[in-house]
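Chain residues, written in single-letter form:
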Amino acid sequence: MLFTTVTFFSLGSGLIFESSKTENKNEFISSGIFFAAICSFAMIIFILVFNKFLQAAFLNTIDIKYLYIGLCYVPIFYVKKITEATNRAILSTKLYNYELFINKFLYIILIIILWVIFNHMITEYIMLAAIGANAVGCLFVILKIRSLLDLKSIKIASIAKMIRFGMKEHFGVISQKLNLRFDTIIINAFLLPIDLGYYAIAVSFAELVWFVPDSIGIFLFPKIAGMPHEDKTIDYVTKLCRITITFLIITLVPFIIFISFIIPILYGDDFYKSVIPFIILMPGVLLLSITKILTKYFSGTGKPFISSLVTIISLIVNIPLLLILIPIYGISGAALSSTLAYAVSALVSIYFLKLRERQGNITSIFFATKGDIKEIRSQILKIHHLINFNRVKSDSL
């Protein structure tokens with residue numbers, strides 16, 4: 001899937017941004033589906049023509065049948081990127097979650113069915129289950145949005161617009177993926193496999209924090225892209241940052257306190273070595289949460305190159321630090337390097353935000369106001385009343 005990720009040029013981001021600027025979303029959604037079909041065809045032809053070269057150069061230890069099964073996933077991968085982007089572009093949280101639920105639920109069901117039928121589980125079955133589940137999810141969305149699809153709306157100019165926008169963000173997407181995984185590559189090169197295991201546990205727990213900013217970011221980008229006044233978007237995004245950081249700090253404090261008990265209970269006493277890297281990662285993970293929100297703001301206001309620049313700078317900082325600190329401090333050095341790189345990304349993001357805002361101070365991003373706290377309390381009360389209402393309603397039935 002590496003080739004498909006690289007060659008798609010973050011077209012989904014282009015679709016979200018460009019369609020938010022027009023009433024006629026059909027043009028960009030239809031053109032996006034068409035481009036996905038073209039990319040699928042081109043990628044399949046490429047892999048079939050060069051399959052011997054690819055197997056000899058990169059896949060010499062992998063059975064060729066896995067390449068062909070993966071080939072079946074290529075068109076689904078491209079179409080899935082467009083259906084997910086479409087759900088976000090039309091701000092349909094319900095459709096987005098339906099597709100996600102179908103993918104996950106059906107995948108588990110297919111795995112169980114295949115296991116019951118064949119009484120064992122192999123890699124091919126897992127791959128086929130993933131392909132089937134994602135295909136059904138994509139088909140479900142396409143049927144739901146069929147009124148937005150029109151062959152006559154397909155325009156090369158629209159595809160070009162989406163690619164131009166997506167390319168500005170694409171380098172940042174690739175840099176971010178490298179930034180989040182380069183530490184494991186360096187650890188694998190310098191340390192023992194068991195050290196990589198300890199570090200992987202620390203990272204897996206630390207990344208749970210990103211569930212909040214990642215969930216916010218899914219629809220923050222299209223929402224900001226559709227806002228007509230930039231001054232309102234700045235107020236909106238800084239408020240989101242304040243509330244997110246406040247919420248994460250409140251929830252993380254007890255998590256950090258009890259992590260030294262949680263990890264050994266779940267994985268055994270040997271994995272206590274994961275605790276220190278986890279604690280070191282926490283400040284960086286918290287700061288990267290700010291970056292995740294602010295980069296959606298930059299992309300939503302038509303400046304995706306700033307998002308890319310932020311992640312590229314962070315990667316440039318991270319790589320030499322990893323090479324210096326891991327041989328000296330081991331997995332704790334990897335955690336420290338990542339935290340420093342994430343901190344740099346947050347500072348660069350804030351710097352660019354302040355350049356655009358030209359007023360205010362840094363506290364508008366970090367510290368919740370009394371108004372924010374009142375609003376949070378109000379929303380909690382609404383949820384509480386809604387739960388009680390549903391409970392009374394169910395009891396009456």
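Refer to the structure above for everything that follows.
Read on for a plain summary of the structure. The written sequence of each chain sets the order in which its residues are numbered from 1. Owing to the predicted nature of the model, reporting of local features is limited to residues with pLDDT of at least 70; listing and counting of side-chain atom pairs is limited to 80 or more, with chain, interface and lining totals taken over all residues. In computing side-chain values, all of the structure's heavy atoms are included and hydrogens and water are not.

Moving on, we get to the overall build of the protein. Helices and strands together make up the secondary structure of the protein, namely 16 helices and 0 strands. Note on exposure labels: buried denotes an accessible area under 20% of the residue type's maximum, exposed denotes more than 50%, and partly exposed covers the range between, all computed with a 1.4 Å probe on protein chains only. Every one of the 397 residues in the protein was classed for burial, and the buried ones make up 43%. Put simply, 79% of the contacts in the protein that link residues at least 6 apart link residues at least 24 apart. Approximately 21100 Å² of the protein is accessible, and the part contributed by carbon and sulfur atoms is 71%. Helical segments are the DSSP runs of H or I of at least four residues, strand segments are the runs of E of at least two, and each set is numbered from the N terminus. Should any heavy atoms of two residues lie within 4.5 Å, those residues are counted as being in contact. Only the protein chains shown count as cover for residues, and all accessible areas are computed by the Shrake-Rupley method using a 1.4 Å probe.

Next up on the list: the pattern of salt bridges. Salt bridges are defined by distance alone: a side-chain nitrogen of Lys or Arg within 4 Å of a carboxyl oxygen of Asp or Glu. Within this structure, the stated rule accounts for 3 salt bridges. The salt bridge partner of E207 is R181, with a shortest N-O separation of 3.2 Å. Taken as a pair, E207 in the loop between helix 9 (193-206) and helix 10 (211-225) and R181 in helix 8 (residues 156-190) lie far apart in primary sequence, 26 residues in all.

It is worth spelling out empty space enclosed by the protein at this point. Using protein atoms alone on a 1 Å grid, points that fit a 1.4 Å probe yet trap it form a cavity, whereas open point sets bounded by protein on both sides within 12 Å along at least five of seven lines form a pocket; residues with an atom within 4 Å of a point count as lining. Grid points are joined across faces, edges and corners, and a volume is the space filled by probe spheres set on the points. Here the structure, examined in full by the defined rule, presents 1 cavity of 30 Å³ or more. Of the voids in this model, the largest cavity is the one considered here, and its volume is about 70 Å³. What lines the largest cavity is L180, R181, D183, Y199, V203, A206, E207, W210, L281, V285, S338 and Y342. Elements that contribute at least two residues to the lining of the largest cavity include exactly helix 8, helix 9, helix 12 (275-300) and helix 14 (331-357). Here the residues of the lining of the largest cavity sort into 8 nonpolar, 1 polar and 3 charged. Residues are grouped as follows: nonpolar covers Ala, Val, Leu, Ile, Met, Phe, Trp, Tyr, Cys and Pro; charged covers Asp, Glu, Lys and Arg; every other residue, Gly included, is treated as polar.

Attention shifts here to the packing of aromatic side chains. Think of it this way: a Phe, Tyr or Trp ring, Trp meaning its six-membered ring, pairs with another when their centres are within 6.5 Å, and the plane angle makes it stacked under 30 degrees, edge-to-face over 60, tilted otherwise. All chains considered together, the criterion is met by 17 aromatic pairs. Geometrically, the ring pair formed by F17 and F165 is stacked, given 4.4 Å between the ring centres and 10° between the ring planes. Taken together, the positions of F17 in helix 2 (residues 11-20) and F165 in helix 8 put the pair 148 residues apart, joining distant regions of the chain. We note that F17, like F165, is buried. When the ring of Y98 is compared with that of F140, the centres are 6.1 Å apart and the planes differ by 85°; the resulting orientation is edge-to-face. With Y98 in helix 6 (residues 93-118) and F140 in helix 7 (residues 123-144), this residue pair connects regions lying 42 residues apart in the sequence. Taking the relative accessible area as the measure of exposure, F140 reaches 24% and is therefore partly exposed. Joined through ring pairs, the aromatic side chains of Y198, F205, F255, Y267, F271 and F278 make up one cluster. The criterion is that NZ of a Lys, or CZ of an Arg, lies within 6 Å of the ring centre and within 35 degrees of the ring normal, and then a charge sits over that ring. Sitting over the face of the ring of W210, K292 holds its NZ or CZ atom 4.9 Å from the ring centroid.

For the rest of this paragraph, the subject is helix 5 (residues 64-89). Helix length check: helix 5, at 26 residues, gives a terminal C-alpha distance of 38 Å against a target of 38 Å (1.5 Å per residue), a fit within 8%. Here the bend at a residue means the angle between the axes of two seven-residue stretches, the one that ends at it and the one that starts at it. Of all the bends in helix 5, the greatest reaches close to 30° and is centred on Y73; the proline P75 follows between one and four positions later. After helix 5 finishes, the residue L91 shows a positive phi value of roughly 55°. Under the convention used throughout, the expected extent of a helix is 1.5 Å for every residue step, that is, one less than its residue count.

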